[in-house]
Amino acid sequence: MSSDEGLHNAHRLATLLSGGIRGGGYYPPGHPASRQPFIEMAQLASLLHREEGEIRVAVVDGVLAVGEHLFFAPTPPLQELCRRLEEKELLGINIKKGVSADDLTVLAKLLGQPGGGAEQLREGLKEASVATIEVREEETLSQTYAEAVGAIAEIFNEIGNGRIPNSRKMITVVTSLAATAVKEPATLIGLTMIKQYDNYTFQHSVNVGVLAMAISASMGLSPHEVEVAGMAGFLHDVGKTGINKMILNKPGKLSNEEFREMQRHSELGAEIVRQMEGVPEQVAEGVLGHHVRHDRTGYPEWARPLPLGVASAIVAVADCYDATTTLRAYQPPLAPKQAVERIRSMTGTGLDPEIVDRFLELTGKFPTGSLVRLDSNEIAVVMTPSREERGASVVKVLIDSDGKPLADPLVKNLALTGESVVDLVDPLLKGIDVSAYF
Ligand SMILES: [Fe+2]
Ligand SMILES: [Fe+2]
């Protein structure tokens, strides 16, 4: 199915659901006029299930998401659906494989009832024995990530419009991501594999923040320090809003003068961050120092002798890792493993060895997002790395041992199957977009 077709199907499904919710009051259950749209919905759902195992329907910041499709300017029926979901304060609904017209009828009826919240909806589905529709309890990590990108985009825009940016949304997102970082730092690294190249600056900012939180959490820093590192990462390049666009977007090498102009982004950024409400002073320090190298070269020159906090050194490692794993006009992306090698080569000069050590511990031999060959000859992407001989802990198998691509990737725990990683595989050679699996 082409993604256009998917988009169309998602739109139609949401429109029918919206209509079903409104029509719920007019026809008795089982009436032929009320049944037809639900039959079509079930068919659309099964088409969409070919793209993804389950279809998530959710509203994030006024944007309706149906599976992987986003509707930024919803039509009136879609707006109506958003309103219903928001009214019930639902984080979202998951529609699983095998959903029937009857299941969807129950859903529409429950959504059409006034009042009630997630708990009531869940009860109603359970009572009607609907097992294919799930009310989402918690926001998924990738949703939080998307919100982070939105928050950063807003901050950049506000600065562009000459305003002091509001930090509220960013702080909410940082708090939630920091909590995950403390529990399972390696998971966060997987998030940074999601790369869409059209908004590089925002995504890079979020990735650096996410990586900084993973690193600081695995260093055993306090939750507050993890949040500081996260915010410093999110905002590290915010000063670029004050740099001439011609220089910023110049694909070739910068002249000395242009380079000096570009270097101002650290101190400009620190000045902006100092004005943001609720953002601790250490965040501004982290931003100021993110290009001061471990050997105290780097810029701004006047900041070299300052006692810069640990956040700037952490952000420097995160910045280096994300920049090297991203495709850019003038440089092909490096595989996670090669990016790790590059970081290793900068240890002691550009980067703090202790922080690099922690980072390498976190990434293991085959970092999250690496495409690898197992000793069973299967091709898989690393989800959870491991420091053990086996090379990875959890992987998703994409190609079986006969070289056949799997329709549904198979999640494997290598400790249980006894398999090991043999080698890295070049995703470009296999035509695989690794980021699609996170
Ligand atoms: Fe920078
Ligand atoms: Fe950067």
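Residues numbered from 1 in each chain as written. Chains lettered and ligands numbered in written order. Predicted model: local features only at pLDDT ≥ 70, side-chain atom pairs only at ≥ 80, totals over all residues.

### A few points about unusual backbone geometry
Residue Pro300 is bonded to the preceding Tyr299 through a cis peptide linkage, with omega at -5°. With respect to the helices and strands, Pro300 occurs in the loop between α14 (281–288) and α15 (310–324). Phi is positive for Ser129, which is not a glycine, with a value near 55°. Of note, Ser129 is situated in the loop between α5 (118–127) and β5 (133–135). Of note, Arg296 is a non-glycine position whose phi angle comes to about 60°, a positive value. Relative to the elements of secondary structure, Arg296 occurs in the loop between α14 and α15. (Helix = DSSP H or I, 4+ residues; strand = E, 2+ residues; numbered from the N terminus.)

### Examining the nonpolar core
Most often, soluble globular proteins have nonpolar side chains that are buried together. Membership of the largest hydrophobic core comes to 83 residues, with the highest contact counts inside it found for Met213, Ile215, Ile314 and Val317. Both domains that meet at this core, namely domain 2 (141–363) and domain 3 (371–437), each give it at least three residues. Counting 30 residues, the second largest nonpolar core, distinct from the first, contains Ile21, Val59, Val66 and Leu81. (Core = buried A, V, L, I, M, F, W, Y, C linked by C-beta atoms within 7 Å. Buried ≥ 20, exposed ≤ 12 C-beta atoms within 10 Å, placed from the backbone. Domains from an automatic or database assignment.)

### Observations concerning the pairing of strand β7 (residues 379–385)
Buried residues dominate β7, accounting for 6 of its 7 residues. Inspection of the sheet shows strand β6 (residues 371–374) paired to β7 by 3 bridges, in the antiparallel sense. Across the sheet, residue Leu371 finds its bridge partner in β7, namely Val381. Between β6 and β7, which pair antiparallel in sequence order, lie 4 residues; one of them, Asn377, sits at a positive phi of approximately 75°. As paired elements, β7 and strand β8 (residues 392–399) share 6 bridges and run antiparallel to each other. Paired with Ala380 across the bridge in β8 is Val397. (Pairing = 2+ DSSP bridges.)

### Quick notes on the packing of helix α9 (residues 200–218) against helix α17 (residues 353–363)
It is at 9 Å that the axes of α9 and α17 come closest, and there the two elements cross at 100°. Classified by the angle between their axes, α9 and α17 sit roughly perpendicular to one another. On the side of α9, the interface is formed by Ala214, Ile215 and Ser218, while α17 contributes Ile355, Arg358, Phe359, Glu361 and Leu362. Here the residues of the contact of α9 with α17 sort into 5 nonpolar, 1 polar and 2 charged. (Axes fitted to C-alpha atoms, helices over the stretch in contact; angles between N-to-C directions. Parallel < 35°, antiparallel > 145°, perpendicular 65-115°, else oblique. Contact = placed C-beta atoms within 7 Å. Nonpolar A, V, L, I, M, F, W, Y, C, P; charged D, E, K, R; others polar.)

### Things to note about the domain arrangement of the chain
Along its sequence, the chain is carved into domain 1 (3–135), domain 2 (141–363) and domain 3 (371–437). In this complex, domain 2 contributes 9 residues to the contact, which on the side of domain 3 involves 7 residues. Elements represented by at least two residues in the side of domain 2 that touches domain 3 include exactly α8 (185–191) and α17. Class assignment of the residues belonging to the side of domain 2 that touches domain 3 gives a composition of 4 nonpolar, 2 polar and 3 charged.

### A word on the environment of His8
Residue position: His8 is located in helix α1 (residues 3–23). A tally of 15 C-beta atoms within 10 Å means that His8 is categorised as partly exposed.

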